[in-house]
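Residues per chain are reported as follows:
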Amino acid sequence: MFWSALTFQLGYNATLVTLGATLLGVAAGVTGTFLYFRKRALVSDAISHATLPGVALAFIVMTMLGFDGRNLPGLLIGSAITAALGLYCVQWLSSRTRLTEDAAIGAVLSVFFGFGIVLLTVIQTMASGGQAGLESFLLGSTAGMLYSDAVLIAGGGALALALVVIFRRPMLMSAFDPEFARASGIDLNRTDLIMMGLVMGVTVIGLKIVGLILIVALLIIPPAAARFWSDRATNVVIIAGILGGIAGWSGASLSAVAPNLPTGPIIVLFAFALFAASMLLAPGRGLLMSALNHRRFQRAVHIRQGLVSLAQGQPIYEPLTLRLLQKAGLARADGVPTDDGRAQSSRVLRDEKRWEVARSDPAFEMAAARYDGLTQIEDVLTPDQITLIDTRIGAPSVVAQ
Amino acid sequence: MTSDIALAGPDAANAEAEVLRKSPFAIRGLTVSYDQKPAVFSVDATIRPGQMTAIVGPNGAGKSTLLKAALGIVKPLSGQITSLGRPLAQEMHRIAYVPQRASVDWDFPVRVIDVVQMGLYREIGLLKRLSGGQKSKAMACLARVGMEDFAKRQIGQLSGGQQQRVFLARALAQDADLYLLDEPFAGVDAATEKAIIEVLKSLRAEGRTVVAVHHDLSTVPEYFDDVLLLNVRKIAEGPVAEVFTDAALEAAYGGRLASARITTNAATG
């Protein structure tokens, strides 16, 4: 069943919903990355919670005017209005008062959300309020979604993606170096406004599927996971989009099979699984690889230090060093070097001396930057350069002896 | 200032307009305050074209603030900034700025070459891709600061001096007439300081104007042509030989002069 949902075989409507959720995930991951780069990820939490009173007010207004209160475009417009108001409050409080942004976020988030909950309770007492189903906006639901709803969500996601492509350079520059960006003629306020507008747009179109409480996770978790995979901003953006898309796609698929489960939490749990996998398994920055690399590095350092000590005829006290040398066949249990150890240790000592010269000469700056106490200088410099260095170390070492 | 001109009549006003037209970077009546405490107060300055000018003064003298306010990074309370007689805000495309190294997060996921290419975004615009020529231009700027071998490195792996040179390369990519640098020599190694000053001197040789916030008094006479001495108010401005005197330093640094004088004497004597 789950498999047929994943492969879009559950009928037209379910397929459309899954496609919408996938696009939403991509848009949220990509937009959220810029927010993450700008170190303002939590603002999105204030924005999303501030949508609730808008949803409720839109329902009340539409019902009172005699329309269907559950009309999705109407509800989303209402949510966008209060979300913008909430965002404005956060900006105003953090720029015009002594409050820091985190305090402003906390205040705005709770007040708007509280007001929204009160309005929901009011709606319950209204004549037509019983079957409003607005609670589904809290945790998201794909059950009973209309064709037009799915098109709206997919279209909004695609529009958000297009805007990100257009404004990627100013957004990236103002995130990395706002002062330089400003001096290059980029209007920081306008760029932030575009970025926050995008976040608001994604939040609003995500209300139906993910719900307002958890949409922040879809904005923050994909970039946090993607950061483990790459050191290039463009790649982080793309990977975050892919991870967000996978979370939205698999979450919506599972929810199509099990309609009683709330869609938002399922999508977020899938996003978290991707995050956990990235954190553990990503090459380079992942925990597993860095632990392995650290261990390998530590052992190599021990062997190298041991060889230097052997070359200089110093005793080795560190048990790990001794054990590693022994295992590599470079020394005997009592610390006396084997023939192999003797040969290698004199080579290592020579390497150390060459490095010393290279690092003290600005002409070898590039090479010196690669010094880690392990890399052989032959791997970094040309034979000619090494000959040059050897002419310099030759003389003093003779004097020393 | 303006009232003086009004009193002095149209000739003085014309003379002032002429002065402004010639200066690539002129400041008139600039005041900036943080929470009602002035950081820069009513400063006038006229930077000479094609020269290297140091902005010098004690900690908290408003040196960096002056640059930031001129560029619109912080909002001044009052003042006009002009370049060749036109408002600086309209001339931003001819200006390159090198911010303090500490102002950015060096763990940001960009490589050295990506940072330099940010200097080209102004000419590329929003959507166009980087052309081959622009890519080699970025590489050439990196080579000019001796960092071409580091192009593919993540910026967090660089030393402080290397980071500063990458910032300078990004400014070079902007191909500007006026270079404004905020503490380019702060916390860098001797080799970097030498590399940076060579690049700045070559910019001057090309007829460009260089203005740098500088904190090391001992190197002012060696590196710079002009100096702007600042301590919230302007203390003095002009050629180093005329302006960089004990009396002016006393006025700028006050009680802290003793150590300042020792360092300058050590450098000159």
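Residues numbered from 1 in each chain as written. Chains lettered and ligands numbered in written order. Predicted model: local features only at pLDDT ≥ 70, side-chain atom pairs only at ≥ 80, totals over all residues. Heavy atoms only, no water.

The final tally for this structure, using the stated rule, is ten aromatic pairs over all chains. Here A:F176 and B:F108 contribute two aromatic rings whose centre-to-centre distance is 5.3 Å and whose plane-to-plane angle is 50°, an arrangement assigned as tilted. Residue A:F176 is found in helix α8 (residues 147-176), and its partner B:F108 is found in the loop between β6 (95-98) and α4 (112-118); the two belong to separate chains. For A:F176, a relative accessible area of 2% puts it in the buried group. Three or more aromatic residues joined by ring pairs form one cluster here, namely A:F34, A:Y36, A:F37, A:F176, B:W106, B:F108 and B:F167. Across from the ring centre of A:F180, 3.5 Å away, lies the NZ or CZ of B:R170, which sits over that ring. (Phe/Tyr/Trp six-rings, centres within 6.5 Å; stacked < 30°, edge-to-face > 60°. Helix = DSSP H or I, 4+ residues; strand = E, 2+ residues; numbered from the N terminus. Buried < 20%, exposed > 50% of the residue type's maximum accessible area, 1.4 Å probe, protein only. Lys NZ or Arg CZ within 6 Å of the ring centre and 35° of its normal.)

What follows deals with the side chain of A:S345. Among the secondary structure elements, A:S345 is positioned in helix α16 (residues 339-360). Residue A:S345 is classed as buried on the basis of its relative accessible area of 4%.

Residues and elements named next belong to chain A. If you check helix α11 (residues 215-226), its first and last C-alpha atoms are 18 Å apart, about what twelve residues at 1.5 Å a residue would give, namely 16 Å. For α11, a buried count of eleven out of twelve residues is recorded, marking the element as mostly surrounded by other parts of the structure. Those residues of α11 that are buried are in contact with α2 (12-37), α3 (43-49), α10 (188-206), α12 (233-257) and α13 (263-281). (Expected span 1.5 Å × (residues − 1). Contact = heavy atoms within 4.5 Å.)

A word on the sheet that holds strand β4 (residues 78-83) of chain B. Neighbouring strands of a sheet are bound in pairs by backbone hydrogen bonds; such pairs are parallel or else antiparallel. Residues and elements named next belong to chain B. The four strands are arranged β2-β1-β4-β5 in an open sheet whose pairing can be described as antiparallel. One side of each edge strand has no neighbouring strand; the edge strands of this open sheet are β2 (37-47) and β5 (86-87). Relative to β4, strand β1 (residues 25-34) runs antiparallel, the two sharing four bridges. Bridge pairing in β4 links A26 to T82. On the sheet, helix α2 (residues 10-22) packs against β1, β2 and β4 and is oriented at approximately 85° with respect to β1. (Pairing = 2+ DSSP bridges. Axes fitted to C-alpha atoms, helices over the stretch in contact; angles between N-to-C directions.)

Let's shift gears to the pattern of salt bridges. Summed over the entire model, instances satisfying the criterion amount to 30 salt bridges over all chains. B:D105 is the salt-bridge partner of A:K39, the closest N and O atoms lying 2.8 Å from each other. You can see A:K39 sitting in the loop between α2 and α3 and its partner B:D105 sitting in the loop between β6 and α4, one on each of two chains. With relative accessibility at 28%, the residue B:D105 sits in the partly exposed group. (Salt bridge = Lys/Arg side-chain N within 4 Å of Asp/Glu carboxyl O.)

Across the boundary between the two partners, chain B contributes 40 residues, which contact 31 residues of chain A. Ranking the residues of chain B by area buried against chain A places B:F108, B:P109 and B:L126 at the top, with a combined share of 22%. At the boundary of chain B and chain A, one finds five salt bridges. Here chain B is connected to chain A by 13 residue pairs in polar contact (both at pLDDT 80 or more). Residue assignment for the side of chain B that touches chain A shows that the elements contributing at least two residues are α3 (63-71), α4, α5 (121-124) and α7 (160-173) of chain B. Looking at the side of chain B that touches chain A element by element, the count peaks at four residues for α7(B). Of the residues contributing to the side of chain B that touches chain A, the split by class is 20 nonpolar, seven polar and 13 charged. (Buried area = accessible area lost by both parts, 1.4 Å probe. Polar contact = N/O pair within 3.5 Å; in protein donor to acceptor, adjacent residues only side chain to side chain. Nonpolar A, V, L, I, M, F, W, Y, C, P; charged D, E, K, R; others polar.)

A separate point is unusual backbone geometry. All names here are of chain B. Within the chain, S42 stands out as a residue other than glycine whose phi angle is a positive 50°. Looking at the secondary structure, you find S42 in strand β2. Within the chain, E183 stands out as a residue other than glycine whose phi angle is a positive 50°. Among the secondary structure elements, E183 is positioned in the loop between β7 (178-182) and α8 (190-205). A residue is classified by how much of its surface remains accessible, and E183, at 14% relative accessible area, is buried.

So, about a nonpolar patch on the surface. A cluster of nonpolar side chains, namely A:L280, A:L281, A:L287 and A:L288, defines an oily patch on the protein surface of about 380 Å² accessible area. Tracing the sequence through the fold places A:L288 in helix α14 (residues 287-311). (Patch = residues over 30% accessible without salt bridge, like charges linked within 9 Å, V, L, I, M, F, W, Y side chains within 5 Å. Areas by Shrake-Rupley, 256 points an atom, 1.4 Å probe, with all protein chains shown as cover.)

Residues and elements named next belong to chain B. Burial runs high along strand β3 (residues 52-56): five of the five residues are buried. A two-sided burial pattern is seen for β3, the buried positions comprising M52, A54 and V56 on one face and T53 and I55 on the other. Direction of pairing for β3 relative to strand β8 (residues 209-213): parallel, over a ladder of four bridges. Bridged to T53 within β8 is V211. When β3 meets strand β9 (residues 226-231), the two strands line up parallel, connected through four bridges. Note that in β9 the partner of T53 across the bridge is D226.

All names here are of chain B. The strand order across the open sheet built from six strands is β6-β7-β8-β3-β9-β10, with neighbouring strands paired in mixed fashion. Only two strands of the sheet have a single neighbouring strand rather than two, namely β6 and β10 (233-239). Within the sheet, the average angular offset between the axes of one strand and its neighbour, ignoring direction, is 15°. Together, β3, β7 and β8 form the strand contacts of α8, whose direction differs from that of β3 by roughly 130°. Packed on one face of the sheet, helix α11 (residues 246-253) meets β3, β9 and β10 and runs near 35° to β9.

Turning next to the domain arrangement of chain A. When its domains are assigned, chain A resolves into domain 1 (12-219) and domain 2 (288-393). The straight-line distance from the C-alpha centre of domain 1 of chain A to that of domain 2 of chain A is 57 Å. (Domains from an automatic or database assignment.)

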